[in-house]
Amino acid sequence: MIALSELFNEIYERIKRYKELGLNPLSLATGCAVKVDLLRVVYPALKKLRSELEGTRLIIAPREDADVFPRSVDGVKLHRRIYSLGAECDVDVDGIKRIRPSRAVVVIQIYQRYADNPEKFIELVGPVYLKIAQSGIPIHLGKGHSIITPFPEDQFALFDFITVHEGKTEGFTAVNNDTIHIIDPSEEPGEYRQVAGAISNSLNDIFVLGVYENLRIAPVINAISEEIVEKMWKNVVAFSKKLNAEIMEVLQPRRGKLLIGATVLGDTIKQPPMFADKVDIGMKLIATRPIGELAPINVYLASIIDESLIKDLEEFGISISELEKIKNKAVDLISTPNIEAAKVINKYLPRYDENYNRYEHIALTTDITGPGIYVVKELAEKARVTIKFHEIPLLFPEIAEIATRLYIIPNATAGTNGAFIIVAPETIAEDVVKDLRSKGLEALIFGEVIGKGDAKVLVPRKLRKYVADQRMLREFEFVGE
């Protein structure tokens, strides 16, 4: 077993290596935590941007896990364009007219100084959207993703425009992008689990819709070291082969010191579970497995940097070696694609040419990533229902409590490539759980719909042990223990 001092030295050297690559893993949290805050920044900015785009043919869709549209039997074509932000906006309007896209997904990387300010955010991204709108082409912007960089020169907007061939349609296509900096700062960049975790995180938003066929991956890969870029690409190929997915050849940013992610596409002959209006009293909430993958990674890294935290851990009966094992289990989960859960969801969906059956079909799904357990409140708002938790399905409750008590992470329920939440009628809920468990997943029913009309979520008071973000806690009503 490696000595504690050797472990610390190894991690310190790794952190030094990240700094040489232009990334400080101590100032940027892992995984989905690098996203620009949705509630305080992105949503207010989009509200204003939508008003500025009124009268144009560029439509920003409401937030969904992925962009879903009828599948063309003749396929789609993806065109990647990368633009500067703000006054340096360099959109080629004539180029957009030539490719005539009907849809797009976007990744915005913004300097952290401006990532907390919706006015500055709109000042930087607005010119790009308005210039694209000048093309006059009707474009549905179905999915956006915004991340933070500590380097002002690394700001950009990446648009993956999608041209859908006209003609016969059958089933649906789902598209998503997620791009991050790193999964686990205690491991080397470019390692297989870093790449697999990042791309799995993007696939998660189409897998959660039961979409897993004809997978295509358009990577977003960058590092200032060509050696690391080559290593990343090698692991992109290895990961794609495991899923029998096609790698699409696309432009790469060459901006940003370290980027790992992808735009992903998949097809299905089923209707995705987006039946918010069908959610009814008595429906059950199923977690495909317990949640909270990011807490042990953050606690582990914090303990390496601040050795005094090791004593706090020991008070909970957790040694640093045990914490390392827990951290590795979390990283293994993050780097494992949730395709088996996607197959189970797909089983309980109507075909594209069938009607939804409230006794036989899953109504709604989402994945638990950056916002953590808050996504249940989003589900409640979407369906206009009251949801009650029976329990909080955490992977590592003690680690989550430590992370919250010591202010290491504001939301210990958050994840990357996280578990799915399934809203299913009582008639099939146990069968769904049984099927998920047959795939090796620790699925469980953790809540139910108890009312309609009001978007409320009733949770046990112990949630306060796992979430320090008071703004988020105010979104819940507390009952019981």
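One can find the structure itself at the top, above this paragraph.
Counting starts from 1 at the beginning of each chain's written sequence and moves along it residue by residue. Note on the predicted model: pLDDT of at least 70 is required for a residue's local features to be given, and 80 or more for side-chain atom pairs to be given and counted; whole-chain, interface and lining totals, by contrast, use all residues. The basis for every side-chain value is the complete set of non-hydrogen atoms in the structure, without hydrogens or water.

Asker: Any details on the pattern of salt bridges? Residues and values, ideally.
Answerer: Salt bridge, as used here: a side-chain nitrogen of Lys or Arg that lies within 4 Å of a carboxyl oxygen of Asp or Glu. Here the structure, examined in full by the defined rule, presents 28 salt bridges. The salt bridge involving K382 is made with E64; its shortest N-O contact spans 3.2 Å. With K382 in helix α11 (residues 375-383) and E64 in the loop between β1 (58-60) and β2 (67-72), the pair connects residues that are 318 residues apart, well separated along the chain. Relative accessibility under 20% of the residue-type maximum defines a buried residue, over 50% an exposed one, and the middle range a partly exposed one, all with a 1.4 Å probe and only protein chains included. Owing to a relative accessible area of 38%, K382 belongs among the partly exposed residues under this scheme. Residue E64 is classed as partly exposed on the basis of its relative accessible area, which comes to 29%. Between E381 and K377 there is a salt bridge, and its shortest N-O distance comes to 3.8 Å. Of this pair, E381 and K377 both sit in helix α11, four residues apart, roughly one helical turn. Among the residues examined, E381 registers a relative accessible area of 36% and is labelled partly exposed. Accessibility expressed as a relative area gives 7% for K377, which makes it buried. Through salt bridges with shared partners, a single ionic network connects E153, D154 and K257. Elements are defined by DSSP. Helices are runs of H or I of four residues or more, strands are runs of E of two residues or more, and each kind is numbered from the N terminus.

Asker: Got a sec to walk through the sheet that holds strand β4 (residues 103-111)? Specific residues and values, please.
Answerer: Strand pairing in a sheet relies on backbone hydrogen bonds, with the paired strands running either antiparallel or parallel. Only strands joined by at least two bridges in the DSSP assignment are considered to pair. Read across the sheet, five strands follow the order β1-β5-β4-β6-β3 without closing on themselves; strand pairing throughout is mixed. One side of each edge strand has no neighbouring strand; the edge strands of this open sheet are β1 and β3 (76-83). Neighbour-to-neighbour, the strand axes of the sheet open up by a mean angle of 25°, direction not taken into account. When β3 meets strand β6 (residues 156-164), the two strands line up antiparallel, connected through eight bridges. Residue Y83 lies in a different strand from β6, and its bridge partner there is A157. Against the sheet, helix α4 (residues 118-133) touches β1, β3, β4, β5 (139-149) and β6, its axis set at about 30° to β6. A fitted line through C-alpha atoms represents every axis, and for helices the fit uses only the stretch in contact; the resulting angles, taken between N-to-C directions, go from 0 to 180 degrees. The criterion used for residue contact is that any of the two residues' heavy atoms lie within 4.5 Å.

Asker: Hey, could you go over helix α5 (residues 192-207) for me, with residue numbers and the actual values?
Answerer: N201 marks where α5 bends most, by close to 30°. Across the 16 residues that make up α5, a large majority, 15, are buried. One axis fitted to the seven residues ending at a residue, another fitted to the seven starting there: the angle between these axes is the bend at that residue.

Asker: Explain the packing of helix α7 (residues 294-305) against helix α12 (residues 397-405) to me, using residue names and the numbers behind them.
Answerer: One can describe the packing of α7 onto α12 by two numbers: an axis separation of 9 Å at closest approach and a directional angle of 55°. Taken together, the axes of α7 and α12 are oblique relative to one another. Here the hand of the crossing between α7 and α12 comes out left-handed. Judged by residue contacts, A295, P296 and V299 of α7 engage I399, A400, I402 and A403 from α12. The residue inventory of the contact of α7 with α12, partitioned by class, reads seven nonpolar, no polar and no charged. In what follows, roughly perpendicular refers to angles from 65 to 115 degrees, roughly parallel to angles under 35, roughly antiparallel to angles over 145, and oblique to any angle outside these ranges. The sense of a crossing depends on the near helix, which, turned anticlockwise from the far helix by less than a right angle, makes the crossing left-handed and, turned clockwise, makes it right-handed. Polar here means any residue outside two lists: the nonpolar Ala, Val, Leu, Ile, Met, Phe, Trp, Tyr, Cys and Pro, and the charged Asp, Glu, Lys and Arg; Gly therefore counts as polar.

Asker: Just give me the short version of unusual backbone geometry, but keep the residues and values in it.
Answerer: If you check the backbone angles, R100 has positive phi at about 45° while not being a glycine. By secondary structure assignment, the location of R100 is in the loop between α3 (93-99) and β4. Since its relative accessible area comes to 54%, R100 is described here as exposed. Phi angles above zero are rare outside glycine, and Y407 is one such case at about 55°. With respect to the helices, strands and loops of the structure, Y407 is situated in the loop between α12 and β14 (420-424).

Asker: Outline the packing of aromatic side chains, listing residues and values.
Answerer: Ring pairs shown here join Phe, Tyr and Trp side chains whose ring centres sit within 6.5 Å, with only the six-membered ring taken for Trp; geometry is labelled stacked below 30 degrees between planes, edge-to-face above 60, and tilted in between. Inspection of the entire model under this criterion finds six aromatic pairs. When the ring of F159 is compared with that of F161, the centres are 5.5 Å apart and the planes differ by 20°; the resulting orientation is stacked. When its relative accessible area of 1% is taken as the criterion, F159 is described as buried. Residue class for F161 comes out buried when judged on its relative accessible area of 0%. Here the aromatic rings of F275 and Y356 are separated by 4.6 Å at their centres, their planes lie at 35°, and the arrangement is tilted. With F275 in the loop between β10 (258-268) and β11 (284-287) and Y356 in the loop between α10 (339-347) and β12 (364-367), this residue pair connects regions lying 81 residues apart in the sequence. Cluster of aromatic residues (ring-pair linked, three or more members): Y83, Y129, F159 and F161. Lying over the aromatic face of F151, K257 brings its terminal NZ or CZ to 4.4 Å of the ring centre. Each ring is checked for a lysine NZ or an arginine CZ that lies within 6 Å of its centre and within 35 degrees of its normal; such an atom marks a charge sitting over the ring. The ring of Y359 has R358 sitting right over it, with the charged end atom 4.9 Å from the ring centre.

Asker: Talk me through the pairing of β2; I want residue IDs and the actual numbers.
Answerer: Counted residue by residue, β2 has five buried out of six residues, so it is predominantly covered. Bridge count for β2 against strand β7 (residues 169-180) is five bridges, and the pairing is antiparallel. Looking at the pairing, S72 lines up with T169 of β7.

Asker: Lay out the environment of Y374 in plain terms, naming residues and giving numbers.
Answerer: Along the chain, Y374 turns up in the loop between β12 and α11. Sequence spacing of Y374 and S200 is 174 residues, and the spatial spacing of their C-alpha atoms is 21 Å. In this view, Y374 contacts L39, M472, E475 and F476; residues no more than four positions away in its chain are not counted.

Asker: Could you give me a rundown of the nonpolar core, with the residues and numbers involved?
Answerer: Nonpolar cores are built from buried Ala, Val, Leu, Ile, Met, Phe, Trp, Tyr and Cys residues. Side-chain atoms within 4.5 Å join them into one set. Core analysis: the largest hydrophobic core is formed by 112 residues, its most contacted members being L203, I206, V279, V376, L436 and L463. No other element matches α5, which puts seven residues into this core. Throughout the structure description, domain borders are defined by an automatic or database domain assignment. Composition of this core by domain shows at least three residues from each of domain 1 (22-268) and domain 2 (276-479). With near-sequence residues (within four places) excluded, L436 lies in contact with I286, T288, A341, V344, I422, L441 and A443. Counting 36 residues, the second largest nonpolar core, distinct from the first, contains L85, V106, A157 and F159.

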